[in-house]
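Spelled out, the chains give:
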Amino acid sequence: MAFTLPPLPYAYDALEPAIDKETMTFHHDKHHQTYVENLNKAVDADAALQGKSLEELFATMSKLPKAVRNNGGGHWNHSLFWELLAPEGQTGEPSAELAAAIDRDLGGMDKFKEAFNAAGAGQFGSGWAWLIVQDGKLKVTSTPNQDNPLMDVADEKGAVVLGADVWEHAYYLKYQNRRADYLKAFWSVVNWNKANELFAAA
Ligand code: MN
């Protein structure tokens, strides 16, 4: 069964002004679509990969072709990223449980956002900033390229609660080289309802 591009759960311009319509259109319709197509090509070419979920593939990532790592990560990361964003006014807020864990493990919401933005800004080249649950505690981390914390190759492994794409294609049309400004604006469109759900399941 081939992997498919999920539709955006909102209109292309729904995240403005934080993330503009043109960026969302290219990001979803072109970049994410390409990861899906190249993932399907890689899986089609290798019978041992067929019938497995991305999560199963991530667990043995170090032994699999680079094309699966890049494009499988690309597909999984982006599918989640779209759901982790929501138009202003529909974002909800951190649950009492998630807020308490952020206070306990990360020193409060302000310090968490600071650490998350620093992880994103400090990721050299392309990659992702993450909030994960690791051994029952929240942790801020980042990965290069399309890696994620489910992969056996990740330095910091855990269940994802929140992620931010810091590839240039995620912000360049509106923010050019100002990744920090994009990350600052990102917080206005974080879908806390989805993050709460992921935290409760972690
Ligand atoms: Mn991207």
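Provided above is the structure to which this section pertains.
What comes next is a walk through the structure.

Rules used throughout
- Residues numbered from 1 in each chain as written.
- Predicted model: local features only at pLDDT ≥ 70, side-chain atom pairs only at ≥ 80, totals over all residues.
- Heavy atoms only, no water.
- Core = buried A, V, L, I, M, F, W, Y, C linked by side-chain atoms within 4.5 Å.
- Buried < 20%, exposed > 50% of the residue type's maximum accessible area, 1.4 Å probe, protein only.
- Helix = DSSP H or I, 4+ residues; strand = E, 2+ residues; numbered from the N terminus.
- Contact = heavy atoms within 4.5 Å.
- Donors = N, O, S within 2.8 Å, 3.2 Å for Na, K, Ca; no water.
- Pairing = 2+ DSSP bridges.
- Phe/Tyr/Trp six-rings, centres within 6.5 Å; stacked < 30°, edge-to-face > 60°.
- Salt bridge = Lys/Arg side-chain N within 4 Å of Asp/Glu carboxyl O.

## Some remarks on the nonpolar core
- Core analysis: the biggest nonpolar cluster contains 58 residues, and Phe112, Phe116, Leu138, Leu162 and Phe186 have the highest contact counts within it.
- Counting residues per element, this core draws most heavily on strand 1 (residues 127-134), at six residues.

## Brief notes about helix 8 (residues 192-201)
- Among all positions of helix 8, only Trp192, Lys194, Ala195, Asn196, Leu198 and Phe199 are buried.
- In this structure, the buried side of helix 8 is in contact with helix 3 (66-83), helix 4 (96-106), helix 5 (109-122), strand 1, strand 2 (137-144) and strand 3 (159-165).

## Considerations on the coordination of the manganese ion
- Bound to the manganese ion on the protein side are His27 (NE2), His78 (NE2), Asp165 (OD) and His169 (NE2), at distances that span 1.9 to 2.1 Å.
- Written as a sequence motif, the donor arrangement for the manganese ion is H-x50-H-x86-D-x3-H. In this pair, histidine 78 is assigned in helix 3 and histidine 169 in the loop between strand 3 and helix 6 (172-175), connecting sequence segments 91 residues apart. Judged on exposure class, the residue histidine 78 and its partner histidine 169 are both buried.

## Points about the pairing of strand 1
- Taken across its eight residues, strand 1 has eight buried, putting it largely inside the fold.
- Here strand 1 shows no split at all, with Gly127, Ala129, Leu131 and Val133 on one side and Trp128, Trp130, Ile132 and Gln134 on the other all buried.
- Where strand 1 meets strand 2, eight bridges bridge the pair, whose relative direction is antiparallel. Pairing of leucine 131 across the sheet is with valine 140, part of strand 2.
- The antiparallel hairpin formed by strand 1 and strand 2 contains two residues in its connecting segment, where aspartate 135 sits at a positive phi of about 50°.
- Here six bridges tie strand 1 to strand 3, and the two strands are oriented antiparallel to one another. Bridging across to strand 3, tryptophan 128 finds its partner in aspartate 165.

## Remarks on the packing of aromatic side chains
- One pass over the structure, following the stated rule, counts twelve aromatic pairs.
- Measuring from centroid to centroid gives 5.7 Å for phenylalanine 81 and tryptophan 82, while their planes differ by 45°, and the two rings are tilted. Here the two residues phenylalanine 81 and tryptophan 82 agree in accessibility, since each one is buried.
- Taken together, a centroid distance of 5.2 Å and an interplanar angle of 70° make the contact between phenylalanine 116 and tryptophan 187 edge-to-face. Here phenylalanine 116, found in helix 5, pairs with tryptophan 187, found in the loop between helix 7 (179-186) and helix 8; they are 71 residues apart in sequence, far enough to count as distant.

## Overview of unusual backbone geometry
- Here the amide bond leading from glutamate 16 into proline 17 is cis, since omega sits at 5°, within 30 degrees of zero.
- Mapped onto the fold, proline 17 is located in the segment before helix 1 (21-44).
- Phi at aspartate 135 is positive, roughly 50°, even though this residue is not glycine.
- Mapped onto the fold, aspartate 135 is located in the loop between strand 1 and strand 2.
- Of note, the phi angle at glutamine 176 is positive, near 50°, even though the residue is not glycine.
- Mapping glutamine 176 onto the fold places it in the loop between helix 6 and helix 7.

## Describing the pattern of salt bridges
- Under the definition given, this model contains six salt bridges.
- In this structure, aspartate 147 and arginine 69 form a salt bridge, with 2.8 Å as the shortest nitrogen-oxygen distance. Linking aspartate 147 in the loop between strand 2 and strand 3 with arginine 69 in helix 3, this pair joins segments that are 78 residues apart in sequence.
- Relative accessible area serves as the criterion here: at 5%, aspartate 147 is assigned to the buried category.
- Judged by relative accessible area, which is 23%, arginine 69 ranks as partly exposed.
- Arginine 104 is paired through a salt bridge with aspartate 105; the nearest N and O atoms lie 2.9 Å apart.
- Take arginine 104: its relative accessible area is 58%, and that puts it in the exposed class.
- The structure contains a network of salt bridges with shared partners spanning Glu83, Lys194 and Glu197.

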